[in-house]
Amino acid sequence: MRDFNISGIQQIGVGTENFRRSWNWFIEMFGADTKILEDDTVAERMLPYTGGVPQKRHACIAVNVQGGGGFEIWQYSERKPEKAAFTPEPGDLGIFAAKLRCRDVEAFHKEISAKWEKVTEVSALPDGTPCFYVRDLYDNLFQVVEKKEVFIEQGKLTGGMCGALVGVTDIDRSVAFYSEIFGYDVVKYDVEGEMNDLPGATGRFRRALLERSERRQGAFSGLFMDDSIELVQALDREPRKIYEGRFWGDPGFIQICYDVTGMKALGRFVASKGHPFTVDSCPGDEVFDMGEASGHFTYIEDPDGTLIEFVETGKVPIVKKLGLVIDMSKRDPLKPLPKLLFRLMGLVLKQKPTNEQ
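Residues numbered from 1 in each chain as written. Predicted model: local features only at pLDDT ≥ 70, side-chain atom pairs only at ≥ 80, totals over all residues. Heavy atoms only, no water.

### What to know about the overall build of the chain
Point 1. Check the secondary structure of the chain and you find 6 helices and 18 strands.
Point 2. A compact globule built from 357 residues should have a C-alpha radius of gyration of about 21 Å, and the chain, at 19 Å, falls within 12% of that.
Point 3. Based on the C-alpha atoms only, the size of the chain along its principal axes is roughly 55 × 45 × 45 Å.
Point 4. The buried share among the 357 residues of the chain stands at 57%.
Point 5. The contacts of the chain with a sequence gap of at least 6 include a subset with a gap of at least 24, amounting to 71%.
Point 6. For the chain, the exposed surface amounts to about 15,000 Å²; the carbon and sulfur share of it is 50%.
Point 7. Here the chain contributes 45 positively and 55 negatively charged side chains, and the mean placements of these two sets differ by 5 Å. (Helix = DSSP H or I, 4+ residues; strand = E, 2+ residues; numbered from the N terminus. Rg over C-alpha atoms; globule rule 2.2 N^0.38 Å. Buried < 20%, exposed > 50% of the residue type's maximum accessible area, 1.4 Å probe, protein only. Contact = heavy atoms within 4.5 Å. Areas by Shrake-Rupley, 256 points an atom, 1.4 Å probe, with all protein chains shown as cover. Lys, Arg positive; Asp, Glu negative; His and termini not counted. Charge placed at Lys NZ, Arg CZ, Asp CG, Glu CD.)

The structure is reproduced here in structure tokens:
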């Protein structure tokens, strides 16, 4: 039995050219309206990925309490964000699309198409699951995938993040990596050929969807719900690295972040698999302060260099004005938090789009 626990995808980082405009868009289009934290400070511990220099940035984590992981919306404050010199295509190395939960794909397609034009037609994944794709304000690609289950009913058609599409050079090697470390023990499909549902897909691909046979456990596992990783390998061309020559935090999907407990044990485990921490916010026994929250974060790289973050939460604010904060160190790490707390967060921390640009 492992002496660490991964309770789900906490968030996926979205680098943007305009923090406020992007957040407004994610609230309006995807219902990511519950603010977990917001921070406007200097990222001092990411030097391997920020040119060796601390970088000031404005970021927040926002969730949709109907269920799923959050959006970490991220913008450099004192440096012009550098876009990729090309439009990432399926199979390019890194995260080229994020998966978004949707209880009714046909209904949401009709709803979002009425107010946004960068929407594909409804299609299906290789296993028949309905889906379609949306590009946001800055051309980040989202795969909207049908998942009926809802954590807290708010009358929305969407939930939060439920995975990512990751370009790789060797699917067999990557399946072993994601299965061993993250517990994806089910290959839902492994297909080869043309992939007509993927925007920009030309040529032949190999594509595998990894899931779990058992529900995850942990304090936030109820909110995060189920998650998956979809691996895509281009067979007819040499893939490009999406973040080649750019910094962590530049526009695009920055990282997949997993919520964990037992970080020290996790560190020993990933090192034994050949993927040691490349960043560790707390190399001693200190606690990293993230403004309104605290915890311990680390990073590893997948076999092709895609960044994966782990966060062990120390404290998380529920109602800041009342000083209501949960100290995670005093809880059973496998016991889910009461749903009532998330209902309260959805009411108290709910945000509306602002006019700020």
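### A word on the pattern of salt bridges
Point 1. Using the criterion set out here, one finds 28 salt bridges in the structure.
Point 2. Members of the salt-bridge network, linked through shared partners, are Glu 89, Asp 92, Arg 237 and Arg 240. (Salt bridge = Lys/Arg side-chain N within 4 Å of Asp/Glu carboxyl O.)

### Some details on unusual backbone geometry
Point 1. For Asp 139, which is not glycine, the phi dihedral falls at a positive 70°.
Point 2. Overall, Asp 139 belongs to the partly exposed group, its relative accessible area being 40%.
Point 3. Backbone geometry places Met 225, a non-glycine residue, at a positive phi of 60°.
Point 4. Among the structural elements, Met 225 can be located in the loop between helix H4 (221–224) and strand S12 (228–234).
Point 5. A residue is classified by how much of its surface remains accessible, and Met 225, at 5% relative accessible area, is buried.

### A few points about the sheet that holds strand S5 (residues 94–102)
Point 1. The sheet built from 8 strands is open, its strands ordered S6-S7-S8-S5-S9-S12-S11-S10 with mixed pairing. Two strands bound the open sheet, and with one partner strand each, they are strand S6 (123–124) and strand S10 (186–193).
Point 2. Here S5 runs beside strand S9 (residues 158–167); their pairing, made up of 7 bridges, is antiparallel. Within S9, the residue paired with Lys 99 across the bridge is Gly 163.
Point 3. On top of the sheet, helix H1 (residues 19–30) reaches S5, strand S7 (130–135), strand S8 (141–146) and S9; it is set at about 155° to S7, its chief contact. (Pairing = 2+ DSSP bridges. Axes fitted to C-alpha atoms, helices over the stretch in contact; angles between N-to-C directions.)

### What to know about the pairing of strand S1 (residues 5–15)
Point 1. Burial of S1 is extensive: 11 of the 11 residues sit out of reach of the surface.
Point 2. With 8 bridges connecting them, S1 and strand S13 (residues 252–261) associate as antiparallel partners. The residue of S13 that forms the bridge with Ile 6 is Val 260.
Point 3. Pairing analysis gives 5 bridges linking S1 to strand S4 (residues 70–76), with the strands arranged parallel.

### Quick notes on the packing of aromatic side chains
Point 1. The final tally for this structure, using the stated rule, is 27 aromatic pairs.
Point 2. Taking 5.8 Å as the distance between ring centres and 70° as the angle between the ring planes, the aromatic pair formed by Phe 26 and Phe 142 counts as edge-to-face. Of this pair, Phe 26 sits in helix H1 while Phe 142 sits in strand S8; the two residues are 116 residues apart in sequence, bridging distant segments of the chain.
Point 3. Judged by its relative accessible area of 0%, Phe 142 is buried.
Point 4. Each ring, one from Phe 277 and one from Phe 310, has its centre 6.4 Å from the other, and the planes form 55°; the classification is tilted. Taken together, the residues Phe 277 in the loop between helix H5 (263–272) and strand S14 (279–280) and Phe 310 in strand S17 (residues 307–319) connect sequence positions 33 residues apart.
Point 5. Relative accessible area serves as the criterion here: at 23%, Phe 277 is assigned to the partly exposed category.
Point 6. An aromatic cluster of at least three residues, connected via ring pairs, comprises Trp 25, Phe 26, Phe 30, Phe 71, Trp 116, Phe 142 and Phe 253.
Point 7. Looking at Arg 79, its charged tip hangs above the ring of Tyr 76, at a distance of 4.6 Å from the centre.
Point 8. Between Arg 216 and the ring centre of Tyr 184, over which it is positioned, the NZ or CZ distance is 5.3 Å. (Phe/Tyr/Trp six-rings, centres within 6.5 Å; stacked < 30°, edge-to-face > 60°. Lys NZ or Arg CZ within 6 Å of the ring centre and 35° of its normal.)

### What to know about the environment of Tyr 76
Point 1. When you line up the elements, Tyr 76 lands in strand S4.
Point 2. Taking the relative accessible area as the measure of exposure, Tyr 76 reaches 1% and is therefore buried.
Point 3. Between the alpha carbons of Tyr 76 and Gly 128 there is a distance of 40 Å; along the sequence they are 52 residues apart.
Point 4. Every residue in contact with Tyr 76, bar those within four places of it in the chain, is listed here: Thr 50, Gln 55, Lys 56, Arg 57, Phe 247, Trp 248, Gly 249 and Asp 250.
Point 5. Among the polar contacts made by the side chain of Tyr 76, one reaches the main-chain carbonyl oxygen of Trp 248 at a distance of 2.3 Å. (Polar contact = N/O pair within 3.5 Å; in protein donor to acceptor, adjacent residues only side chain to side chain.)

### With respect to the side chain of Lys 147
Point 1. In this structure, Lys 147 sits in the loop between S8 and S9.
Point 2. If we skip the residues at most four places from it in the chain, Lys 147 touches Arg 101, Cys 102, Arg 103, Cys 162 and Asp 226.

### Some thoughts on the environment of Ile 326
Point 1. Within the element layout of this structure, Ile 326 appears in strand S18 (residues 324–327).
Point 2. For the pair Ile 326 and Glu 211, spaced 115 residues apart in the sequence, the C-alpha separation amounts to 30 Å.

### Concerning the side chain of Gln 66
Point 1. Here Gln 66 lies in the loop between strand S3 (55–63) and S4.
Point 2. On the accessibility criterion, Gln 66 (3% relative accessible area) is buried.
Point 3. In this view, Gln 66 contacts Arg 103, Val 150, Phe 151, Ile 152, Glu 153, Gln 154, Gly 155, Lys 156, Thr 158, Gly 159 and Met 225; residues no more than four positions away in its chain are not counted.

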